[in-house]
Amino acid sequence: MKVLVIGSGGREHAMCWKISQSPKLTKLYAAPGNAGIAEIAELVDIPAKDQEGLLKFCKTKAIDFIVVGPEAPLTEGIVDRFRDEGIKIFGPTKFAAQLEGSKAFSKEMMKKLSIPTGEFEVFTSPEKAMDYVAKKGIPIVVKVDGLAGGKGVVVAASMPKAMEAIHLDMVKKVFGKAGEKIVVEECLEGEEASVIAITDGSTVRLLASSQDHKRIFDGDKGPNTGGMGAYSPTPAVNEQVEKEILDRVFIPIVKEFKALGHPFKGFLYAGIMMTKNGFRVLEFNVRLGDPETQVILPRLENDFLELLLATTQERLNEIQLKWKDEDCVCVVIASGGYPDTFESDKKISGIANAKENPDIQVFHAGTKLINGELCTAGGRVLNVVGTGRTFFEALSKTYHAVDQIFFEKMHYRKDIGHRAASARGGSTFPPEADPPPAGAGMTYNKGIL
Ligand code: AMP
Ligand code: GLY
């Protein structure tokens, strides 16, 4: 089977890595990919947003199956376009992708289905939004409706900050059309977790839980980023909470889309806040998380290509997911200065040393070859991923591997997994050398509608 993966980040490298292990695969392409993906797939120099270029390529090469990584092509309707041409493609349709593409759509749907989420109002007028914020008080959250590359959410701790966010979104229009509509939402407190499901429109399977680290600096300080690290599983979400999320979030959503005549096929990611009153859904994404994928896929025992194919062919009921009884940790190495301005083209060394341990993977995000030498080419550069019998073992191996890698001005967090570490009675400063015994096995094979 000839497969094309669309995207170019660490998530897509992890997806390509897992797909390349499938006996079903004969040839793997990635568009546009990166220097790490190039080691396992043939790169195609077509950007993810060029639907017509990708379609032409797929027809010329007789590609059997397309897997889409990022959200933008999904919200732009790539699945509908390819499906209309009779080409098999994994992911939700444009209609279903509104769950991520429009925060107003997703909040209204949560309200309709009584899915636990923060109280909110949707506004198209800045004056009305400001009146509402003045009435509700702070802290409050202001979100642009459309896609904004993770930058469209402001958690405002002061009234001027909230008013400024509304002004920037709706009057200055810094996010363009994405900010024509905004959602103003109750500010929730608690620990965040990522719970991702895969569904073929009828059957739902939960993937292993995970937690990412959005802030740039240790101690969850500084601005938000695309994600500075992750680990799986997370103790923030126990089996009981998972079952509740399945029953109260994923199953109602999947039933609703089916009833609307637009079955949801693909990954559905719920960003969860564990508040003292129970879980609340912060947002939906219609794809795998980045860097969550990098810690989920190494734990998956199933043939990933077969899983994606079965989902596309509406036979997910035939598949039970199996997870390795291991923990997995990812530390992102970024360019100094990220998420603001940073320099690129720095020579990277030490990846081969880091990978000497068979429990280590290094997934590339922003890398490219310059005169045959591996160099940085983005904010987030590498994802160092380690597995272990316990969380502390995985953590320790991962940081040991990170220590082998070098490029000028590199930056990474030294406290990835600090919440899981405290929940397990330890600390990530520094990772413990002598890991406690392995925890009990976990199963996630629940949820057939
Ligand atoms: P979102 O894109 O909606 O997930 O928001 C990005 C980040 O903003 C989340 O991961 C949270 O850290 C934060 N956030 C979003 N909504 C809320 C909320 N209602 N209360 C507190 N923090 C929030
Ligand atoms: N890690 C957050 C996201 O993928 O949206």
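The structure this text deals with has already been given above.
These figures come from a predicted structure and were not determined experimentally.

A closer look at the nonpolar core
Ranked by internal contacts, the top residues of the largest apolar core, which has 53 residues, are Leu4, Ile66, Leu99 and Phe250. The element that contributes the greatest number of residues to this core is helix H9 (residues 239-259), accounting for nine residues. Aside from chain neighbours lying at most four places away, what touches Phe250 is Val195, Ile196, Ala197, Val204, Leu206, Ile245, Leu268 and Ala270. Cys16, Leu307, Ala310 and Ile319 belong to the second-largest nonpolar core, a separate cluster that totals 47 residues.

Looking at the site of ligand 1
Around ligand 1, the surrounding shell holds 14 residues, and the nearest of these are Glu185, Glu186, Leu188, Glu192 and Glu283. Between an oxygen atom of ligand 1 and a side-chain N or O atom of Lys214, the distance comes to 3.1 Å. Notes on ligand 1: free accessible area 470 Å², of which the protein chains cover 88%. Listed by contribution, the elements that provide at least two residues to the shell around ligand 1 are strand E7 (140-144), strand E8 (153-156), strand E9 (182-186) and strand E17 (278-285).

Regarding the site of ligand 2
Lining the immediate surroundings of ligand 2 are Asp212, Tyr269, Asn285, Arg287, Gly289, Asp290 and Glu292. For ligand 2, a nitrogen atom lies 3.0 Å from a polar atom in the backbone of Asp290. Coverage of ligand 2 by the protein chains reaches 88% of its 200 Å² of free accessible surface. Its residues placed into classes, the shell around ligand 2 shows one nonpolar, two polar and four charged.

Topic: the pattern of salt bridges
Here the structure, examined in full by the defined rule, presents 35 salt bridges. Residues participating in the shared-partner salt-bridge network are Lys24, Glu306, Arg315 and Glu318.

Here's the deal with the state of the cysteines
Note on terminology: a disulfide is the covalent bond linking the sulfur atoms of two cysteines. Scanning all chains against the criterion turns up zero disulfides. With no disulfide of its own, Cys16 lies 13 Å from the sulfur of Cys58, the closest cysteine sulfur.

Considerations on the pairing of strand E20 (residues 367-370)
As paired elements, E20 and strand E21 (residues 373-376) share four bridges and run antiparallel to each other. Looking across to E21, one finds that Lys368 is bridged to Cys375.

Thresholds, definitions, all that
- Counting starts from 1 at the beginning of each chain's written sequence and moves along it residue by residue.
- Labels follow written order: the first chain is A, the first ligand is 1, and so on.
- Side-chain atom pairs in this predicted model are given and counted only at pLDDT of 80 or more, local residue features only at pLDDT of at least 70, and totals for whole chains, interfaces and linings cover all residues.
- The basis for every side-chain value is the complete set of non-hydrogen atoms in the structure, without hydrogens or water.
- The definition of a nonpolar core used throughout is a set of buried Ala, Val, Leu, Ile, Met, Phe, Trp, Tyr and Cys residues joined through side-chain atoms within 4.5 Å.
- Buried residues are those whose accessible area, probed at 1.4 Å on protein chains only, stays under 20% of the maximum for their type, while exposed residues exceed 50% and partly exposed ones sit between those limits.
- Only DSSP runs of H or I covering at least 4 residues are called helices, and only runs of E covering at least 2 are called strands; the numbering of each starts at the N terminus.
- Pairs of residues are marked as contacts when any of their non-hydrogen atoms sit within 4.5 Å.
- Neighbouring residues are identified by heavy atoms, a residue being near a molecule or strand if any of them is within 4 Å of it.
- For the purposes of these results, a polar contact is taken to be a pair of N or O atoms within 3.5 Å, where, inside protein, one atom must be able to donate a hydrogen and its partner to accept one; residues adjacent in sequence count only when each atom of the pair is a side-chain atom.
- Surface accessibility follows the Shrake-Rupley procedure with a 1.4 Å probe radius. Residue values consider only the protein chains on display as shielding.
- Gly is put with the polar residues, along with every residue not named as nonpolar or charged; the nonpolar set is Ala, Val, Leu, Ile, Met, Phe, Trp, Tyr, Cys and Pro, and the charged set is Asp, Glu, Lys and Arg.
- Criterion for a salt bridge: a side-chain nitrogen of Lys or Arg within 4 Å of a carboxyl oxygen of Asp or Glu.
- The definition used for a disulfide is geometric: two cysteine sulfur atoms within 2.5 Å.
- Paired strands, in this sense, are two strands between which DSSP finds at least two bridges.

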